[in-house]
Amino acid sequence: MNGTTGTTSQRHVVVVGAGPTGLLLAGDLAVAGIAVTVVERRPPGISNLTRAFGVHARTLEQLDARGLADELLTTGRSITRLRLFGSLSVDLSGLPSRYPCVLVTPQYEVERLLLRRAEQNGATFMYGTEVTGLAQDEAGVTLDVRRQDGTAGTLRAAYAVGADGVRSAVREALGVPFPGHAVIKSIVLADVRLAREPERTVALGGRGTAFGFIAPFGDGYWRVGGWDRTRGEIPDTAPVGLDELREIVRRAFGSDFGMHEARWVSRFHSDERQVPHYRVGRVLLAGDAAHTHSPAGGQGMNTGLQDAANLGWKLAAVVNGQAPDGLLDTYHDERHPVGRAVLRSSGTLVRLAMAHTPLWRGLRAVLTLAAGHVRPVTRGAVGRITGIGYAYGAPRGAHPLTGRRVPDVDLVEGRLYALLRAGRFVLITPRGARTEHDERLTVAHWASDRRTTLLVRPDGYAAWASETTAAGSVTAGIATGGMRISWTSAPPTSIPHT
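Let me begin by describing the structure that accompanies this report.

Cut-offs and rules
Residues numbered from 1 in each chain as written. Predicted model: local features only at pLDDT ≥ 70, side-chain atom pairs only at ≥ 80, totals over all residues. Heavy atoms only, no water. Helix = DSSP H or I, 4+ residues; strand = E, 2+ residues; numbered from the N terminus. Expected span 1.5 Å × (residues − 1). Buried < 20%, exposed > 50% of the residue type's maximum accessible area, 1.4 Å probe, protein only. Bend = angle between axes of the 7 residues up to and from the residue. Axes fitted to C-alpha atoms, helices over the stretch in contact; angles between N-to-C directions. Parallel < 35°, antiparallel > 145°, perpendicular 65-115°, else oblique. Left-handed = near helix turned anticlockwise from the far one by under 90°. Contact = heavy atoms within 4.5 Å. Nonpolar A, V, L, I, M, F, W, Y, C, P; charged D, E, K, R; others polar. Pairing = 2+ DSSP bridges. Core = buried A, V, L, I, M, F, W, Y, C linked by side-chain atoms within 4.5 Å. Salt bridge = Lys/Arg side-chain N within 4 Å of Asp/Glu carboxyl O. Phe/Tyr/Trp six-rings, centres within 6.5 Å; stacked < 30°, edge-to-face > 60°. Lys NZ or Arg CZ within 6 Å of the ring centre and 35° of its normal.

For the rest of this paragraph, the subject is helix α4 (residues 107-120). The end-to-end C-alpha separation of α4 is 20 Å, in line with the 20 Å expected for 14 residues at 1.5 Å each. Of all the positions in α4, only Gln 107, Tyr 108, Glu 109, Val 110, Glu 111, Leu 113, Leu 114, Leu 115, Arg 117 and Ala 118 are classed as buried.

Further remarks concern helix α7 (residues 300-319). What sets the pattern is the α-helix's 3.6 residues per turn: residues three or four places apart point alike. Given a rise of 1.5 Å per residue, 20 residues ought to cover 28 Å, and the 28 Å separating the end C-alpha atoms of α7 matches this to within 8%. Bending of α7 peaks at approximately 25° at the position of Leu 311. Within α7, 19 of the 20 residues are buried, which leaves the element mostly enclosed by the surrounding structure. Taken from the residues just after α7, Gly 321 is the one with a positive phi, measuring 75°.

Running from N to C, helix α1 (residues 20-31) and α4 cross one another at 20°; their axes reach a closest spacing of 8 Å. In terms of orientation, α1 lies roughly parallel with respect to α4. In this structure, the crossing between α1 and α4 has a hand that is left-handed. Between α1 and α4, the residues in contact are Pro 20, Leu 23, Leu 24, Ala 26, Gly 27, Asp 28, Ala 30 and Val 31 and Gln 107, Glu 111, Leu 114, Leu 115, Arg 117 and Ala 118, respectively. Split into classes, the residues belonging to the contact of α1 with α4 amount to 9 nonpolar, 2 polar and 3 charged.

The subject of this paragraph is the pairing of strand β9 (residues 129-136). In this sheet, strand β10 (residues 141-147) lies alongside β9 in antiparallel orientation, the contact comprising 7 bridges. Each residue of the ladder has a partner; that of Glu 130, found in β10, is Arg 146. Joining the antiparallel neighbours β9 and β10 is a turn of 4 residues.

A word on the environment of Ile 485. Structurally, Ile 485 is set in strand β29 (residues 485-490). According to the relative accessible area criterion, Ile 485 is buried, its value standing at 0%. Taking the C-alpha atoms as reference, Ile 485 lies 7.6 Å from Arg 440; in sequence the two are 45 residues apart.

Read from one edge of the open sheet, 6 strands run β8-β2-β1-β12-β19-β18, paired in mixed fashion. Among the strands making up the open sheet, the edge pair consists of β8 (124-126) and β18 (279-280). The sheet contact formed by strand β1 (residues 12-16) and strand β2 (residues 35-39) spans 5 bridges and is parallel. When the bridges of β2 are listed, His 12 appears paired with Ala 35. Sheet contacts for α7: β1, β12 (159-162) and β19 (283-285); angle to β12, the most-contacted strand, approximately 165°.

Moving on, we get to the nonpolar core. The biggest cluster of nonpolar side chains holds 80 residues, and the ones touching the most others in it are Leu 29, Leu 143 and Leu 315. With 11 residues, α7 is the single largest residue contributor to this core. Excluding residues within four positions of it along the chain, Leu 315 makes contact with Val 13, Leu 29, Tyr 159, Val 161 and Leu 328. The next biggest cluster of nonpolar side chains, apart from the first, holds 24 residues, and it includes Phe 53, Ile 187, Phe 211 and Trp 264.

Going through the model one piece at a time under the given rule, you end up with 31 salt bridges. Among the salt bridges present, the one from Asp 64 reaches Arg 415, with a minimum N-O distance of 2.8 Å. Here the residue Asp 64 occupies a position in helix α2 (residues 57-64), and Arg 415 occupies one in strand β22 (residues 414-415), the gap between them amounting to 351 residues. Each member of the pair, Asp 64 as well as Arg 415, is classed as buried. Measuring nitrogen to oxygen at the nearest pair gives 3.8 Å for the salt bridge that ties Asp 256 to Arg 196. Highlighted residues: Asp 256 in the loop between α6 (242-253) and β17 (260-274) and Arg 196 in the loop between β13 (180-193) and β14 (203-207), separated in sequence by 60 residues. It is possible to trace a salt-bridge network through shared partners that takes in Asp 64, Asp 408, Arg 415 and Arg 421.

In any sheet, the strands associate via hydrogen bonds between backbone groups, in a parallel or an antiparallel arrangement. Strands sit in the order β9-β10-β11 across an open sheet of 3 strands; the sheet is antiparallel. If you trace the sheet from one side to the other, it starts and ends with β9 and β11 (152-157), each paired once. Each strand axis lies, on average, 25° off the axis of its neighbour in the sheet, ignoring direction. Taken together, the 6 bridges between β10 and β11 define a ladder with antiparallel strand orientation. Opposite Leu 143, over in β11, you have Leu 155 as the bridge partner.

Once that is clear, we can look at the packing of aromatic side chains. How two aromatic rings sit relative to each other is given by the distance of their centres and the angle of their planes. Inspection of the entire model under this criterion finds 7 aromatic pairs. Between Phe 253 and Phe 257, the ring centres sit 6.4 Å apart and the planes meet at 55°, which makes this aromatic pair tilted. Phe 257 sits in the buried class, given a relative accessible area of 12%. When the centroid spacing of 4.5 Å and the interplanar angle of 35° are considered together, the rings of Tyr 392 and Tyr 461 count as tilted. One end of the pair, Tyr 392, is in the loop between α10 (375-386) and β21 (410-411); the other, Tyr 461, is in the loop between β26 (453-456) and β27 (462-466), and 69 residues separate them in sequence. Comparing Tyr 392 with Tyr 461, the two get one shared label, buried. Across the ring face of Phe 178, the terminal group of Arg 171 is positioned such that the distance to the ring centre comes to 3.9 Å. When the ring centre of Trp 446 is taken as reference, the NZ or CZ atom of Arg 450 above it lies at 4.6 Å.

Honestly, it's all geometry; don't read function into it.
Below is the structure:
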């Protein structure tokens with residue numbers, strides 16, 4: 001069994017892991033014309049036993065930029081209000097997004113759509129295959145792999161990405177540390193039917209030593225999880241049943257809501273860990289291979305998907321010879337701080353939910369009051385949970401929009417995120433402006449009378465902005481990592497009115 005070698009390897013990327021992160025990345029690379037092979041330890045088919053169940057607003061926007069969001073919405077239930085700690089109600093309906101909600105849907109529905117897209121665009125899949133070793137040089141990466149039948153071989157590629165989860169074989173082969181600690185041990189998780197619906201459709205909280213969360217899928221089943229700090233360390237492999245979860249949830253919420261008919265029950269533990277570097281030479285780490293969080297806030301899968309959205313266009317540009325290798329350094333520069341922030345926010349949520357000391361209970365009361373009544377605090381908390389509040393760094397003196405998420409906006413040519421489906425930068429200019437540009441740009445015009453010229457990256461963040469329509473170019477800075485995007489615009493003599 002051999003991988004691509006010689007000159008063809010310089011146009012080849014290996015993605016290890018066919019979870020949500022790896023699938024989105026593989027699809028993006030395939031759309032960009034990159035030869036991509038996905039190595040997955042599991043056999044073909046998507047497991048129903050998945051822990052992730054919430055898709056937040058920023059992730060839905062990224063899926064919209066791939067033409068998948070509206071279809072995914074049909075698979076679950078859109079929730080506009082969350083209940084935290086029993087007393088704090090978080091309203092998502094006012095989010096400045098096309099998707100002002102959290103979508104509760106099983107992870108396998110996300111994987112199904114991303115897998116279809118990757119396959120349709122030419123990605124190659126090697127199932128039942130694991131990585132056993134890795135070496136890299138100035139020209140590329142060689143991965144040692146072994147199939148379930150015992151046969152072994154190598155794969156050669158220009159770059160490799162480890163998106164193979166918390167127990168990442170790629171990370172271990174690199175010898176990269178994964179510092180952190182276990183936050184919650186022996187969480188019991190199940191998809192069940194309820195005889196009585198909770199007062200709030202999504203709840204996170206607890207009483208005494210018990211902690212639980214509940215969320216509806218919209219198909220009659222509910223995702224229910226619980227943990228009791230007095231139970232000590234129970235191995236993930238220990239037997240688990242619905243009666244154990246009923247007892248924990250009853251103590252956490254005062255009722256087990258008549259849970260019955262579990263389609264699966266599982267036990268797991270939750271860590272807080274992050275690698276120090278997302279890039280090691282020609283190998284990059286993404287998703288749970290790079291960071292893992294507590295389940296509070298449902299940010300784990302979402303953070304990984306947004307890692308992939310950030311990395312995909314950069315890796316494609318480098319492999320296609322459109323950008324220097326240094327562009328890949330900005331992946332770590334931009335996403336590592338976000339991963340660290342998610343560790344803090346999800347860790348704080350779970351500690352507040354499990355508060356049992358006077359100090360933590362007092363802190364929870366203060367923060368709950370502030371989040372419920374102080375608008376900047378509320379916006380900040382909602383922005384972190386949903387992902388729309390994160391921005392990337394910008395060079396000193398850059399326009400204030402640089403590095404910020406650009407929401408979906410109406411353009412003469414249609415919606416911004418529909419245009420982003422081509423995987424290109426989008427240059428938005430005033431109506432009537434005439435622009436000459438290179439092939440990596442899609443040029444569009446504001447539907448309104450706005451005069452700003454805005455360059456939007458393929459992942460929906462602003463790379464450059466100006467209040468004029470004169471000639472412009474982006475040649476350096478964290479927004480583009482030395483990738484040159486050029487255009488020349490002739491400003492309109494007058495702004496047409498509609």
